[in-house]
Every structure is written in structure tokens, then in C-alpha cells.
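Structural characterization, general
One-letter residues, chain by chain:
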Amino acid sequence: MAKGRIIKAISGFYYVQADGDMYQCKGRGVFRKKKITPLVGDVVTFDFSGDNEGYILEVHERDNELIRPPIANIDQAIIVTSAMKPAFNATLLDRFLVLVESNLIKPVIFFTKLDVAEQERDRFEKYQKDYQKIGYDVELLSVKHSDHTSILKRYLKDKITVIAGQSGVGKTTLLNAIDPSLALKTGEISDSLGRGRHTTRHVELLPMFGGLVADTPGFSSLEFQDLGASELADYFPEIRERKANCKFRGCMHMKEPKCAVKQAVEDGEITDYRYDHYVRFYEEIKSRKARY
Ligand SMILES: Nc1nc2c(ncn2[C@@H]2O[C@H](COP(=O)(O)OP(=O)(O)OP(=O)(O)O)[C@@H](O)[C@H]2O)c(=O)[nH]1
Ligand SMILES: [Zn+2]
């Protein structure tokens, strides 16, 4: 018996990495009965024979799991957002942040294409400060001026990472900076197949700098489908840390009096735009709920 991690799953086979070796494994028959589906990223106990083929005996408890792409035990999501082309959209960034936080994954923020937004550098340095104050790691990057490799090396080491961000922000460019042959396979399934982009592909974790990076971008759906309005505050760290000081238990930080969150907005401790996004997302979730 040995312990390892699934780094790839294709048509019923799980590829388990353990001590630098790869094992081609099948799941135990009872998994199907118990509705256990091993996922890429899972830590598993497995049995194997001399030819590196084996059976997964046990799937260890997960820290978290994503549905799209299907990966377990993700340590961090690097949210890539460009300063220009496509133009920076703070609402979209906060939407990604909430989704990442709600999946119990640590977000990291990369602003790209600072070279085409040079005149606006101050604006992005302000955003960097704002998000750092909340507790996030934030990098301002441009292919022309930054050493992507050394920055990525610092973040990827010993971690399982998913890269997220809308189309065209520079996700592939980042990973190409490390090794062109390991690039994220974004957008490579042609529309002529008539299928969704990520539906037919398998997922794989690629070894990079002692860590593993998903070859498929995360958080392709930006809907708050599984989120309840009352838990939203937990995914805004600066609201989460203040909500115990609100006068009313169950304060939603909307119209309630003596709300510590609204006070912090007034005092400039929480930025107006983050609070506005909280309100907007809250209303979005509420109106969605009302429809059912
Ligand atoms: N000027 C400038 N262009 C950049 C930078 N980073 C990426 N680009 C360009 O932006 C375009 C999109 O970059 P990609 O890396 O393909 O973006 P992506 O996020 O992988 O996009 P999808 O594959 O659609 O998800 C390419 O033409 C890149 O050359 C940058 O820092 N500065
Ligand atoms: Zn409140």
C-alpha cells in the first residue's frame, strides 16, 4: 500500500503520483456503490503491482472541491485581471473573489498588462493597496517589465493552484513565461465540435516549481448559484471581521441601525466600491431566491 495524489483522470483511470513515480489506478468497485468519485487533486491510498498498476483503496478527506473544473484540495486560486484589454472591472474581480472564498480557497490577485495602462499606474497601485489591506496578495505585472517566472515561482511552490480570470487577461501568457510546453490549454477545443469548451476535456495537474497547477482555468461560471444571501458577508474578509460588532445579530449590513460595517464604510476603513459590490451581490442572490 502507498499514499499518493491523483494528478490526472482519463476514462476510468486515475494517474497517481507518489514519491516521484506514477501509477495507473482504477477505483475500487465499492466506490461506485458508495457514490465516491475520486477527483484530480485527491490524496489516496492505493495498492499496486510491479508494473505500476493498481487500485485506489481510499480517498482521503478533502479540504475543498471544485465542480468546474473537477479538482479537490486546491490551495489557492490566482485571479488574473487585466488593467486594460479587457478593461479592469472591479465588480468582476470581487465576483471571482467571493466565489473563490466561498469554496474555501485562498485567492491571490494578479493585475496584468500594466504596460498598456502606464498612465493609470496610480489607479492600479491604489487598487493594490486596497486589496492588500483586506489581506490579499496582489501583484502588478506586465510582460514587458516583470519577471513572471520568479513571481510565479514564489506563489506556486508546494501548492495546488488554479488560475482563474476572464478570457484574454493573460492567463496563458503567464504560464508560457515558465515553459511554453506546459501552457494552459485554454480555448483549444474548437467550436466545430459543437460542445462546450471545458466539457469534453480531462483535467490535469501539471508539476511546476514544486507545486501543481491545473491545466484548465477555474471558475468558468460566475453565478452565485450555491450561495445564500446570509453567508455572503463571510466572503468579504473586511466585513467578516467586523460583523460581530454590529448591534443586531443577523445584521445584513444593509439598512440596520448601528451596523459596524456601514460605520467602517463611513470611516473609510472599507472602500465604497467593495461595499457597493456586497450590496449588489446581496440583492442579486435575494432576487434569484425569490424566483423559486
Ligand atoms: N501588452 C500586454 N499584452 C499582454 C500581457 N499579457 C498578455 N498579453 C496579451 O493579451 C492577449 C491574451 O493573452 P492570453 O494569455 O492568451 O489570455 P488568456 O487569459 O489565456 O485568454 P483565454 O485563453 O481566452 O482564456 C495576448 O495577445 C497576449 O499577448 C501584458 O502584460 N501586456
Ligand atoms: Zn452590520
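Residues numbered from 1 in each chain as written. Chains lettered and ligands numbered in written order. Predicted model: local features only at pLDDT ≥ 70, side-chain atom pairs only at ≥ 80, totals over all residues.

As recorded in an unreviewed UniProt entry, the chain goes by the name Small ribosomal subunit biogenesis GTPase RsgA, listed as coming from Virgibacillus chiguensis. Heading Subunit (unreviewed entry) of the UniProt record for the chain holds this comment: "Monomer. Associates with 30S ribosomal subunit, binds 16S rRNA." (UniProt positions renumbered as here; feature names shortened; annotations may be inferred.)

Attention shifts here to the domain arrangement of the chain. Domain boundaries assigned for the chain yield domain 1 (2–61), domain 2 (66–214) and domain 3 (229–290). Contact residues are listed per partner, giving nine residues for domain 2 and nine residues for domain 3. Listed by contribution, the elements that provide at least two residues to the side of domain 2 that touches domain 3 are helix 2 (90–102) and helix 3 (121–134). Per-element tally for the side of domain 2 that touches domain 3: the top contributor is helix 2, with six residues. Its residues assigned to classes, the side of domain 2 that touches domain 3 comprises three nonpolar, three polar and three charged. (Domains from an automatic or database assignment. Contact = placed C-beta atoms within 7 Å. Helix = DSSP H or I, 4+ residues; strand = E, 2+ residues; numbered from the N terminus. Nonpolar A, V, L, I, M, F, W, Y, C, P; charged D, E, K, R; others polar.)

Before going further, it helps to spend a moment on the UniProt feature "binding site: Zn(2+)" (unreviewed entry) in the chain. When the UniProt feature table is mapped onto this chain, "binding site: Zn(2+)" (unreviewed entry) is found at Cys246, Cys251, His253 and Cys259. Mapped onto the fold, Cys251 is located in the loop between helix 6 (237–240) and helix 7 (260–266). Residue Cys251 is classed as buried on the basis of its C-beta count, with 20 C-beta atoms lying within 10 Å. Apart from residues no more than four positions distant in its own chain, Cys251 is found in contact with Lys243, Cys246, Glu256 and Cys259. Topologically, His253 is positioned in the loop between helix 6 and helix 7. Apart from the residues within four sequence positions on either side, His253 is in contact with Ala233, Ile239, Cys246, Cys259, Val261 and Lys262. (Buried ≥ 20, exposed ≤ 12 C-beta atoms within 10 Å, placed from the backbone.)

Quick look at the nonpolar core now. The biggest cluster of nonpolar side chains holds 68 residues, and the ones touching the most others in it are Ile71 and Ile79. Among the elements that take part in this core, helix 2 stands out by supplying six residues, more than any other. Beyond its immediate chain neighbours, meaning those up to four positions away, Ile79 contacts Leu93, Phe96, Leu97, Val100, Pro107, Val108, Ile109, Phe110, Ala164 and Gly165. (Core = buried A, V, L, I, M, F, W, Y, C linked by C-beta atoms within 7 Å.)

The next point concerns helix 2. Over its 13 residues, helix 2 runs 18 Å from end to end, which matches the ideal 18 Å to within 8%, given 1.5 Å per residue. What helix 2 keeps buried is the set Leu93, Asp94, Arg95, Phe96, Leu97, Val98, Leu99 and Val100. Trailing helix 2 by a residue or two, Leu104 shows a phi angle of about 60°, which is positive. (Expected span 1.5 Å × (residues − 1).)

This brings us to the sheet that holds strand 13 (residues 211–214). Read from one edge of the open sheet, six strands run 10-9-8-11-13-12, paired in mixed fashion. Either end of the sheet is taken by a strand with one partner, and the two such strands are strand 10 (137–140) and strand 12 (205–208). Direction aside, the axes of adjacent strands within the sheet are offset by 25° on average. Both strand 12 and strand 13 contribute to a ladder of four bridges, which runs antiparallel. (Pairing = 2+ DSSP bridges. Axes fitted to C-alpha atoms, helices over the stretch in contact; angles between N-to-C directions.)

Considered for burial, the residues of helix 4 (residues 148–156) that qualify are His148, Leu152 and Leu156. Along helix 4, the residues classed as buried sweep out an arc of 45° about the axis, all on the same side. Exposed residues pointing more than 90 degrees away from the buried face of helix 4 are listed as Ser150 and Arg154. Of the surrounding elements, those touching the buried residues of helix 4 are strand 11 (160–164), helix 5 (171–176), strand 12 and strand 13. (Arc of directions from axis to C-beta.)

Our next topic: the pairing of strand 2 (residues 13–18). As judged from the five bridges shared by strand 1 (residues 2–10) and strand 2, these two strands associate in the antiparallel manner. By the bridge assignment for strand 2, Ile10 is matched with Phe13. Hairpin connection between strand 1 and strand 2: a loop of two residues separates the two successive antiparallel strands, and Ser11 in this loop has a positive phi of roughly 30°. Of the pairings in the sheet, the one linking strand 2 to strand 3 (residues 21–27) comprises five bridges and is antiparallel in character. Note that in strand 3 the partner of Tyr15 across the bridge is Gln24. The hairpin turn running from strand 2 into strand 3, its antiparallel successor, is two residues long, and Asp19 in that turn takes a positive phi close to 50°.

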